[in-house]
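Given next are the chains, with one letter for each unit.
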Amino acid sequence: MATQQQAAPAEEAPRKKGFRFPTAFTVLFIVLIAVWALTFVVKPGAYTYVSCDGGNPKPIPGSYEQIDDTGLTFVDRIKDLWLSPVNGLYGIREGGITVEEPTGDLVEAAQAACGEEVPAEAIEIVAAPGNTGPYNEGALVGAVQVFFFVLAIGAFITVTLRTGALDAGIARLTHRFRTRGLVLITVLMVVFSIGGTTYGMAEETLGFYVLLVPIMVALGFDRMVGVATIMVGAGVGTLASTVNPFATGVASDGAGIALGDGLVSRVIIYLVLTAVTIAYVLRYANRVKKDPSKSFVTPLPGDAEMRTESAAAPPEMTGRQKAVMWVFGLTFLLMIFSVIPWSDFSASLERITLYWYFPELAALFLVGAVIVGLIGGLGEQKMVDGIIGGMGDFMGAAFIIALARGVTVLMNNASITDTVLHSLEEFVSDAQSGVFAVLMFIVNIPLAFLVPSSSGHATLAMPIMAPLADFAGVGRSIVVTAYQSASGWVNLITPTSAIVMGGLALAKVRYDRYIRFVAPLLAILFVLVCLLLFVFSGMSLDNSFA
């Protein structure tokens, strides 16, 4: 988040020539070209699909058949590559044709895929969906809804920042706990983790290093504690996302499930991992305060003086700032409330179930941005500038979603998506549900490194990985949870992340020292995630929201 204070510029080290890891855009472009090339090599094929009680069609295990000729010319393939970002944004996919006279074995397999509780008359067997293009008639598969939602939330956060309320609120919180350092660390990590789990707080954390790192040093800790409080606090929340629209939301959309599916298990994972992470940081902070020689970082000039000075009390928050913070918090609470399928708990809760999705959530944050701007006294010009500027700041993340979705469109139009699924079907169909869940977590780790963007990762992976859950006999929400856990785990350390490298630069902590500090925690989180996924994959708890 932006802050009025600026870090003192660090002395620039001589630039070394050598390999520099490309950005997420370049990685996705390389993936796009590689996938396009593979469409000439991988043999096309398709499953027969089934729609259960009006739901989204899903592949019927064992129904895969190879396609001898897709009818695509070289010019068609060039056009698919050329239009892939456009199709990724607002491509429309032709629906599959109903299979008029399915065989008995196919009907039996379709019934098994839907479950015995679904009556036969509610089962529709269809061919694989058709081609995707901007002028087709059918279902929207482009990511335009998610794209606009990302822009809307960018506008909301930026307008809130420009009122100064968020910086003022965190400053007041810090001052209140200035004599209770460990309590302050706990409170701040909970706050940052809530930001991570609800909306994927990441770049917004950068503004807090200038504010909190000196305070942690003044309280007798070191700069690593400041880094851990912010970066690891928000990071573990993102790892254990509950309703984070950039991770859970985009992944759920790609998996064809509701955002609330698997929410109970994700909340439990969030509580467990956050508690363990806070305990880990507190243990290090307490050790460093008792014996500064055990610090992983070398004290900088001026650190010793900071420990002897009391932080000046920040000014009281104005009435406008307090009102802005109430609106800010209530907006996210409403987002959380609106996506929870309350009626799944009890039929009596049908009246309060809103069934909101990305269109409604985008409208919520746009209206919220206007309300915050008015209450914060920004005025018409500054409020509009904040909305437009916020959308511009988040345009990169939004475009990554469209570009990544374009990769899946290429695969679908070339009829190789089902071929990839078929190659893995036997591998996962016999796997015990817990083993499958752990494998999904492990498989997503290298992909998360290549595509640090959680939304880009989700858009790229979910259309392929989510159907594998159908073959393994577990809920697709398990795949979503495994993906976001892997993405969050990797993004705690990946050097391709501006959040990691930027935060360390602001805190003046070397990357290798940070790795030394966080490595044991990463191992602990890895084991815990695997255990929790293993347990939840075999419980009905995760499917109670389906």
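Refer to the structure presented above.
All values derive from a computational prediction rather than experimental measurement.

Student: What's the story with a nonpolar patch on the surface in this structure? I'm lost.
Tutor: Taken together, the side chains of L38, F40, V41, F74 and I78 make up a nonpolar region of the molecular surface, amounting to roughly 480 Å² of accessible area. Along the chain, L38 falls in helix α1 (residues 24-38).

Student: Just checking my understanding: could you explain the packing of helix α4 (residues 144-162) against helix α13 (residues 358-375) for this structure?
Tutor: Two quantities define a packed helix pair, namely the angle between the helix axes and the distance between the axes. The interhelical angle for the contact between α4 and α13, taken along N-to-C directions, is 20°, at an axis separation of 8 Å. Relative to α13, the element α4 is oriented roughly parallel. Judged by the twist between their axes, the crossing of α4 over α13 is left-handed. Two secondary-structure elements touch here, α4 through Q145, V146, F148, F149, A152, I153, A155, F156, V159 and T160 and α13 through F358, P359, L361, A362, F365, L366, G368, A369, V372 and G373. Classifying every residue of the contact of α4 with α13 gives 16 nonpolar, four polar and no charged.

Student: Hey, could you run me through the pattern of salt bridges in this one?
Tutor: Pairing between side chains becomes possible if they bear opposite charge and their charged atoms approach one another. Going through the model one piece at a time under the given rule, you end up with two salt bridges. Between D470 and R476 there is a salt bridge, and its shortest N-O distance comes to 2.6 Å. One salt bridge connects D512 with R510, and the closest N-O pair in it is separated by 2.6 Å.

Student: Explanation requested: unusual backbone geometry in the structure shown.
Tutor: Only a minority of non-glycine residues have a phi that is not negative, and only a minority of peptide bonds are not trans. Positive phi, normally seen in glycine, also occurs at D53, with a value near 55°. Among the structural elements, D53 can be located in the loop between β2 (49-52) and β3 (58-59). The phi dihedral of K508 falls on the positive side, at around 60°, and the residue is not glycine. With respect to the helices and strands, the residue K508 is situated in the loop between α20 (498-507) and α21 (511-537). Judged by its relative accessible area of 41%, K508 falls in the partly exposed class.

Student: Hey, could you run me through the packing of aromatic side chains in this one?
Tutor: Two measures describe an aromatic ring pair: the distance that separates the ring centres and the angle between the ring planes. Throughout the structure, instances matching the rule amount to 17 aromatic pairs. Between the aromatic rings of F296 and F517, the centroid separation amounts to 6.4 Å while the plane-to-plane angle is 70°, which identifies the pairing as edge-to-face. With F296 in the loop between α10 (263-290) and α11 (303-308) and F517 in helix α21, the pair connects residues that are 221 residues apart, well separated along the chain. When its relative accessible area of 14% is taken as the criterion, F296 is described as buried.

Student: Looking at this structure, how should I read the sheet that holds strand β5 (residues 92-93)?
Tutor: Pairing between sheet strands relies on hydrogen bonds along the backbone, with the strands arranged either parallel or antiparallel. In space, the three strands of this open sheet follow the order β7-β5-β8, with antiparallel pairing throughout. Strands at the two margins of the open sheet, each flanked by one partner only, are β7 (132-133) and β8 (139-140). Bridge count between β5 and β7: two bridges; the pairing is antiparallel. Directly across from I92, in β7, lies its bridge partner G133.

Student: Even after reading the chapter, I still don't get helix α14 (residues 379-393), so can you show me in this structure?
Tutor: Each α-helix winds once per 3.6 residues, and so residues spaced three or four apart point in a common direction. In a regular helix each residue adds 1.5 Å, so 15 residues correspond to 21 Å; α14 covers 21 Å between its end C-alpha atoms and thus fits that length. Of all the residues in α14, the buried ones are M383, G386, I387, G390 and M391. Taken end-on, α14 shows its buried residues confined to a sector of 125°, consistent with a single buried face. Exposed residues on α14 whose side chains face more than 90 degrees from its buried face are K382, I388 and D393.

Cut-offs applied
- Residues numbered from 1 in each chain as written.
- Predicted model: local features only at pLDDT ≥ 70, side-chain atom pairs only at ≥ 80, totals over all residues.
- Heavy atoms only, no water.
- Patch = residues over 30% accessible without salt bridge, like charges linked within 9 Å, V, L, I, M, F, W, Y side chains within 5 Å.
- Areas by Shrake-Rupley, 256 points an atom, 1.4 Å probe, with all protein chains shown as cover.
- Salt bridge = Lys/Arg side-chain N within 4 Å of Asp/Glu carboxyl O.
- Helix = DSSP H or I, 4+ residues; strand = E, 2+ residues; numbered from the N terminus.
- Axes fitted to C-alpha atoms, helices over the stretch in contact; angles between N-to-C directions.
- Parallel < 35°, antiparallel > 145°, perpendicular 65-115°, else oblique.
- Left-handed = near helix turned anticlockwise from the far one by under 90°.
- Contact = heavy atoms within 4.5 Å.
- Nonpolar A, V, L, I, M, F, W, Y, C, P; charged D, E, K, R; others polar.
- Buried < 20%, exposed > 50% of the residue type's maximum accessible area, 1.4 Å probe, protein only.
- Phe/Tyr/Trp six-rings, centres within 6.5 Å; stacked < 30°, edge-to-face > 60°.
- Pairing = 2+ DSSP bridges.
- Expected span 1.5 Å × (residues − 1).
- Arc of directions from axis to C-beta.

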